[in-house]
Amino acid sequence: MSGKQPKYIFVTGGVLSGVGKGITAASIGNILKARGLSVNIQKCDPYLNVDAGTLNPGEHGECFVTVDGAETDLDLGHYERFMDIELKQSSAVISGSVMSEVIADERAGKYLGKTVQIIPHVTNVIIERIKKAAEGFDVHIVEIGGTVGDYEGLSFVEAIRELSVQVGRDNAAFVHVVYLPFLGASKELKTKPAQNAVRDLRGLGIVPDVLVARSEEDAESDVVEKLSLFSGVPKEAVITLPNAETIYEVPLTLQRRGIGQVLADRLNVASSTADLKDWEKIVQKAKDTNAPTVNVGVVAKYLNNEDTYMSVFEALMSAGWANDVQVNLEWIDAEEISQDTVAEKLKGVDGIVVPGGFGERGVEGMIIAATYAMREKIPYLGICLGLQVAVIAAARGAGVVAANSTEFDVGTKEPVISTMEDQKGKEATGGTMRLGDYETIIQKDTLAEKVYGANSVFERHRHRYECNNDYRDQYESWGIRIAGLSPDGNLVEMIDAPGHPFFLAAQSHPEFDSRPGKPWPFFNGFIASLK
Ligand code: GLN
């Protein structure tokens, strides 16, 4: 392939993980896009899972689904929202899939006679995947998960080092995100861990071009000078990044502190100055504490980690900003909801959301919450599992007391939700779900039609179970209605409840399509109904 030479920006992290490397990478993408450049972005994760679909969301956060059905790390969600792009499978590189490719090639005889090694065989696969994702773009950003020096991430670090040599100095820049701890006793930000982190990176043959120094409070100029002196990174390329009120502020801060110009100069890319006016409006709305509040109760099970429902959270917030309200989310543990506690637990919420989920835990509580929403005419938004529990709730409410999903009771007498034919027997394994974008044909005169203002929509899916078509003709007597169908009419994609002020549920995950400046109709309609 001829084509232009893309410029690479490699984002690594030091000191600790979880200090906002993903948001930093996404913000760099945001700024460079606002400078008129075409930008792609990719995440390299050092796990031996073959995709992120089999990771525990309670530990690792949400599994983000791309349009082409890849199950990926939640950082891809940040990338999509900050850069307003749709990423593909190629943007997610995880060690397990790299290793599988190398081993499959070895078995297929591709390396016949050679000793197969991490360097160069594994690193070459990584380099190829990075180069492929970069093709055709002005700039390609690659974030390396974890912290530099982690044993398991070394092949990625080596791969980007080699790639930077291949493409030459003008075409590759390294951004290292470090953390400055604050020492209460002497009331100062300490730079030593950051200095060591830069040394670790240098020890692996990489000299950072930009240092993003994260801290709780803003750093003074003497800290910048010290970091610059010890790291060899010019002062103007040491970008301090204190905690922000909202993550959406990060591109504005990084831009103000000059990262866009530093990178454009370093990579010698012709670009305009970044126009972040629309983004500023988003941040203004996000920080508008005078806006009235609506209370949304999210009834779910993985509540020990806020990242589990990251995209649902962001979609609800964005819909709030578009409606000039602040959304106050109350996380309600589904396992604590029973017939006796439901009224108490849901007291004061203006609307109820039941997001996606897997497994039996908490499901009875979700069904009770959906029943309550239906009966008390409280706005209800069901996402994937949230649709399935709504159907079960409606059926039970109408006297089909044994109604259940075969996911929670394999032998249920009333399988109102059950596996699709071609999924049977594959319930417990990875990579067997209905994944990625599918079209929904929105039915006439339904709440879905009102909310979407369209007769068709594409949304991402990630599920195994479906509405059982044997029960379709009972929906009306259960008080629900089909509001969306697959194009062949075979699969129920959305339901609503005639006569209810707002009861809408989708088999898809509409949250993945929402953007901070362009909230998705599904969420917009729900929040508007709460005002
Ligand atoms: N567990 C359900 C299924 O597999 C719902 C999945 C989800 O909410 N993403 O169909």
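A quick note: this is a predicted structure, and the numbers were derived from the prediction, not measured. (Residues numbered from 1 in each chain as written. Predicted model: local features only at pLDDT ≥ 70, side-chain atom pairs only at ≥ 80, totals over all residues. Heavy atoms only, no water.)

### Description of the overall build of the chain
Summing up its helical and strand segments, the chain has 18 helices and 23 strands in all. Judged by the C-alpha coordinates and their principal axes, the chain covers about 75 × 65 × 45 Å. Across the chain, contacts joining residues at least 24 apart in sequence account for 73% of those joining residues at least 6 apart. In the structure as shown, the chain presents an accessible area of about 21,900 Å², 49% of it carried by carbon and sulfur atoms. For the chain, the centre of its 52 positive side-chain charges and the centre of its 74 negative side-chain charges are spaced 5 Å apart. (Helix = DSSP H or I, 4+ residues; strand = E, 2+ residues; numbered from the N terminus. Contact = heavy atoms within 4.5 Å. Areas by Shrake-Rupley, 256 points an atom, 1.4 Å probe, with all protein chains shown as cover. Lys, Arg positive; Asp, Glu negative; His and termini not counted. Charge placed at Lys NZ, Arg CZ, Asp CG, Glu CD.)

### Brief notes about the nonpolar core
Note on soluble globular proteins: their nonpolar side chains tend to be buried together. Among the nonpolar cores identified, the biggest contains 99 residues, and Ile9, Val296 and Leu316 are the most heavily contacted of them. With residues up to four places along the chain from it excluded, the contact list for Leu316 reads Val296, Val327, Leu329, Val353, Phe523, Phe526 and Ile527. Ranked by size, the runner-up nonpolar core spans 47 residues in total, among them Ile337, Ile352, Met366 and Ala497. (Core = buried A, V, L, I, M, F, W, Y, C linked by side-chain atoms within 4.5 Å. Buried < 20%, exposed > 50% of the residue type's maximum accessible area, 1.4 Å probe, protein only.)

### A look at the site of the ligand
Close to the ligand lie Gly356, Gly357, Phe358, Cys384, Leu385, Gln388, Glu407, Arg462, His463, Arg464, Tyr465 and His509, which account for all nearby residues. One of the backbone N or O atoms of Arg462 is found 2.8 Å from a nitrogen atom in the ligand. At 3.0 Å from an oxygen atom of the ligand is found a main-chain nitrogen or oxygen belonging to Arg464. The fraction of the free accessible surface of the ligand (300 Å²) that becomes covered by protein chains is 99%. (Near = heavy atom within 4 Å. Polar contact = N/O pair within 3.5 Å; in protein donor to acceptor, adjacent residues only side chain to side chain.)

### Some words on the layout of surface pockets
In this structure, the largest pocket encloses a volume near 1,000 Å³. Around the largest pocket, the lining comprises 46 residues; the ones closest to its centre are Gly18, Gly20, Ile23, His78 and Asp307. Only α1 (21–34), β2 (39–45), α2 (57–60), α3 (75–83), β11 (238–242) and α12 (310–322) provide two or more residues apiece to the lining of the largest pocket. Its residues assigned to classes, the lining of the largest pocket comprises 16 nonpolar, 15 polar and 15 charged. In this model, the second largest pocket occupies a volume close to 480 Å³. Along the wall of the second largest pocket there are 23 residues; nearest its centre are Asp84, Asp278, Trp279, Ile282 and Gly517. Of all the secondary structure elements, the ones that give two or more residues to the lining of the second largest pocket are α1, α3, α11 (277–286) and α12. A total of six residues in the lining of the second largest pocket trace back to one element, the largest contributor, which is α11. Per-class residue counts for the lining of the second largest pocket are 10 nonpolar, three polar and 10 charged. (1 Å grid on protein atoms, 1.4 Å probe; cavity = no way out; pocket = protein on both sides within 12 Å on 5 of 7 lines; lining within 4 Å. Points joined across faces, edges and corners; volume = space filled by probe spheres on them. Nonpolar A, V, L, I, M, F, W, Y, C, P; charged D, E, K, R; others polar.)

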